[in-house]
Amino acid sequence: MFRPSLIIRRPHARLYQPSHRPHLQLQLRHAHAQQGRPAYKPLPPRQSSRMTNWLYFGALWFTMVGVGSWVTYYFNEESGSKKSATSRDTLLRPMHFIPASLSASEECSDPDTRLITLTLPPGAVPDPKDPIFNPIWSVWIKDDDIMTERPYTPLEGIDERGRMKFWIKKYEKGEVGRWLHSKKVGNRIELRGPLSTWLWDDNKWDEVVMISGGTGITPFYQLLHAKLLKDPTNVPTKTRFTLLHSSRRLVELPPAAILGPLLSASKAHPDRLRLSLFVDSTEGPAHPSVGASDVQVGRITTGTIERALSSDSGRSWWRSLLGVGSHSEPLEDKKILFLVCGPESMITAIAGPYGRNFSQGVVGGVLGSLGYKNHQVWKL
Ligand SMILES: Cc1cc2nc3c(=O)[nH]c(=O)nc-3n(C[C@H](O)[C@H](O)[C@H](O)COP(=O)(O)OP(=O)(O)OC[C@H]3O[C@@H](n4cnc5c(N)ncnc54)[C@H](O)[C@@H]3O)c2cc1C
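Computed from a predicted structure; not experimentally measured.

Just checking my understanding: could you explain the pairing of strand β4 (residues 148-152) for this structure?
In summary, the side chains of a regular strand alternate between the two faces of the sheet. β4 sits mainly inside the fold: four of its five residues count as buried. In this antiparallel pair of consecutive strands, strand β3 (residues 137-143) and β4, the connection spans four residues, and M147 shows a positive phi of 55°.

Listed below in structure tokens is the structure:
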């Protein structure tokens, strides 16, 4: 997901794909002009008398006034519907950029990342209950300076006031991430969306295991926020979630705004959510809300997946997940899904490389060695 090869560089022409509506309006005007032509056709010559002339000019006058009134009325009505069509166009939509305002930009313990909040203008806020906002989705944010766009994941979706919060990383030579970090509160940022990243089904999986690295946690946080964190009293799915997240150092772990709710939910509902954090090393600057005792040191391997799934479980959950000691159901029939998102090297180590042309490729890496098949693994 965060591999540079997935960065979609669209031709500029597509960024400015004009609305089809002005074109339609032009067509309508043109059509009416053509329809109007016969009204100006010279009438056939007649035998005239004074009375006939009066009747003739009277009828012509009424016709012209009538046609004129109709045309005026029609175009006024048209412009009314055009107005509402235009305002509908300002809703957040995939085909049109709309202006949002940067309403917050907060530093994180990792100086390469920021929590950025963008707010849509009131007329642009879509209905958050629209199924199109079913997790997992993202928006394209446009860097106005170089006319380049990148997808980013609203952590908590979109609220009724049009706010979307993002955890965004900047790269040393990266374009849009650095540009976003440089923006100040009040600045205008253009975006379009939603872009459905991956479709979720409340009833499809018994277990969903998410494995992320760095900002690859954002789609998983979005999913968990929608299904568990937002309203723990009304959880629409029976799926049990496990999140295994790794960062290089403590300081690079996600900010408290992300880890706090996850840690609380995993403590309050261990039967619904398990969370394990991994770092390469505990040396270096501290993280404000996570200490060395809260993390495991090392990469995610076969052993760490097994251990994470079995940790504090007296109910042998991991045994059924991994098929250990269970002969009743073949592993590939289990309703378990692994979602993997992060740097390409991590995705390859956990689930094998992507295939050609952005296809999923076969399952390899740790999950391949555990026996999981393509329908049980998705590389975001
Ligand atoms: C669906 C989806 C959702 C996403 N959500 C998020 C999110 O919520 N948060 C987030 O931070 N990211 C997210 N991303 C990643 C994001 O879209 C960008 O890919 C990322 O921010 C990098 O973009 P950039 O323009 O800053 O860097 P780019 O300019 O694209 O550069 C990316 C990398 O390539 C390197 N690079 C750049 N130019 C060169 C060069 N000339 N030679 C060699 N190397 C170079 C950079 O140093 C950097 O390491 C998401 C991606 C997808 C596909």
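Looking at this structure, I do not really get the sheet that holds strand β5 (residues 163-169). What am I missing?
The pairing of strands in a sheet happens through backbone hydrogen bonds and is either parallel or antiparallel. Strands sit in the order β4-β3-β6-β1-β2-β5 across an open sheet of six strands; the sheet is antiparallel. Here the strands that pair on one side only, and so sit at the sheet edges, are β4 and β5. Taken pair by pair, the neighbouring strands of this sheet meet at an average axis angle of 40°, ignoring direction. Two strands pair when backbone bridges link them, and β3 and strand β6 (residues 188-196) are joined in this way by five bridges, in the antiparallel orientation. Pairing of I141 across the sheet is with L191, part of β6.

Hey, could you run me through the environment of R272 in this one?
Tracing the chain through its elements places R272 in the loop between α6 (256-268) and β9 (273-281). Accessibility expressed as a relative area gives 18% for R272, which makes it buried. Taking the C-alpha atoms as reference points, R272 and R240, separated by 32 residues in sequence, lie 4.7 Å from one another. In this structure, R272 is in contact with L228, V235, T237, K238, T239, R240 and F241, ignoring residues within four places of it in sequence. At a separation of 2.3 Å, a polar atom in the side chain of R272 contacts the main-chain carbonyl oxygen of T237. A polar contact of 3.2 Å, which involves the side chain of R272, links it to the backbone oxygen of T239.

How should the packing of aromatic side chains be read in this particular structure?
For any pair of aromatic rings, the description rests on two quantities: the centre-to-centre distance and the angle between the ring planes. A complete count under the given rule lists six aromatic pairs for this structure. Among the aromatic side chains, those forming a connected cluster through ring pairs are W198, W200, W205 and F241. When the ring centre of F97 is taken as reference, the NZ or CZ atom of K142 above it lies at 4.6 Å.

So what exactly am I meant to see when it comes to unusual backbone geometry here?
Looking along the chain, the bond that leaves P135 and enters I136 is cis, with omega of 5°. The topology assignment puts I136 in the loop between β2 (113-119) and β3. Note the cis peptide between G193 and P194, where omega equals 0°. Note on placement: P194 falls in strand β6. With a phi close to 60°, F358 is a non-glycine residue in the positive phi region. Its location among the elements puts F358 in the loop between α9 (344-351) and α10 (365-370).

Hey, could you run me through the nonpolar core in this one?
A general tendency of soluble globular proteins is for nonpolar side chains to be buried together. Ranked by size, the top nonpolar core spans 35 residues in total, and within it V208, M210, L224, F241, L243, L262 and L339 carry the most contacts. Those elements that place two or more of their residues in this core are β7 (207-213), α5 (218-229), β8 (240-249), α6, β9 and β11 (336-341). Sort the elements by how many residues they give to this core and α5 lands first, with six residues. Residue assignment places this core across two domains, with domain 1 (4-9 + 93-196) and domain 2 (207-379) each supplying three or more. The next biggest cluster of nonpolar side chains, apart from the first, holds 23 residues, and it includes V125, W137, M164 and V176.

What is the right way to look at the packing of α5 against α6 in this model?
Geometrically, a packed helix pair is captured by the angle between its two axes and the distance between the axes. Interhelical geometry of α5 versus α6 gives an angle of 45° and a closest axis separation of 11 Å. Taken together, the axes of α5 and α6 lie oblique to each other. Both α5 and α6 take part in a crossing whose hand is left-handed. Contacts between α5 and α6 involve Y221, L224 and L229 from the former and A257, I258, P261, L262 and A265 from the latter.

Mind showing me how you'd approach the UniProt feature "binding site: FAD" (unreviewed entry) in the protein here?
With numbering aligned to this structure, UniProt lists the feature "binding site: FAD" (unreviewed entry) at R150, P151, Y152, K169, V176 and T218. Mapped onto the elements, Y152 comes out in strand β4. For Y152, a relative accessible area of 13% translates into the label buried. With near-sequence residues (within four places) excluded, Y152 lies in contact with S138, V139, I141, F166, I168, V176, G177 and L180.

Explanation requested: the pattern of salt bridges in the structure shown.
A side chain of one charge can pair with a side chain of the opposite charge if their charged atoms are brought near each other. All told, the structure shown has eleven salt bridges when counted by the stated rule. Its salt-bridge partner being R150, residue E175 comes within 3.0 Å of it at the nearest N-O pair. Residue E175 is found in the loop between β5 and α4 (176-182), and its partner R150 is found in strand β4; the two are separated by 25 residues along the sequence. A relative accessible area of 31% places E175 in the partly exposed class. With a relative accessible area of 8%, R150 lands in the buried category. The salt bridge partner of E190 is R188, with a shortest N-O separation of 2.9 Å. On the basis of relative accessible area, E190 is assigned to the buried category, the value being 13%. Each of the salt bridges in this network shares a partner with another, and the network as a whole consists of K142, D144, R188 and E190.

How should the pairing of β6 be read in this particular structure?
Taken together, the four bridges between strand β1 (residues 98-107) and β6 define a ladder with antiparallel strand orientation. When the bridges of β6 are listed, A100 appears paired with I189.

Procedures and definitions
Residues numbered from 1 in each chain as written. Predicted model: local features only at pLDDT ≥ 70, side-chain atom pairs only at ≥ 80, totals over all residues. Heavy atoms only, no water. Buried < 20%, exposed > 50% of the residue type's maximum accessible area, 1.4 Å probe, protein only. Helix = DSSP H or I, 4+ residues; strand = E, 2+ residues; numbered from the N terminus. Pairing = 2+ DSSP bridges. Axes fitted to C-alpha atoms, helices over the stretch in contact; angles between N-to-C directions. Contact = heavy atoms within 4.5 Å. Polar contact = N/O pair within 3.5 Å; in protein donor to acceptor, adjacent residues only side chain to side chain. Phe/Tyr/Trp six-rings, centres within 6.5 Å; stacked < 30°, edge-to-face > 60°. Lys NZ or Arg CZ within 6 Å of the ring centre and 35° of its normal. Core = buried A, V, L, I, M, F, W, Y, C linked by side-chain atoms within 4.5 Å. Domains from an automatic or database assignment. Parallel < 35°, antiparallel > 145°, perpendicular 65-115°, else oblique. Left-handed = near helix turned anticlockwise from the far one by under 90°. UniProt positions renumbered as here; feature names shortened; annotations may be inferred. Salt bridge = Lys/Arg side-chain N within 4 Å of Asp/Glu carboxyl O.

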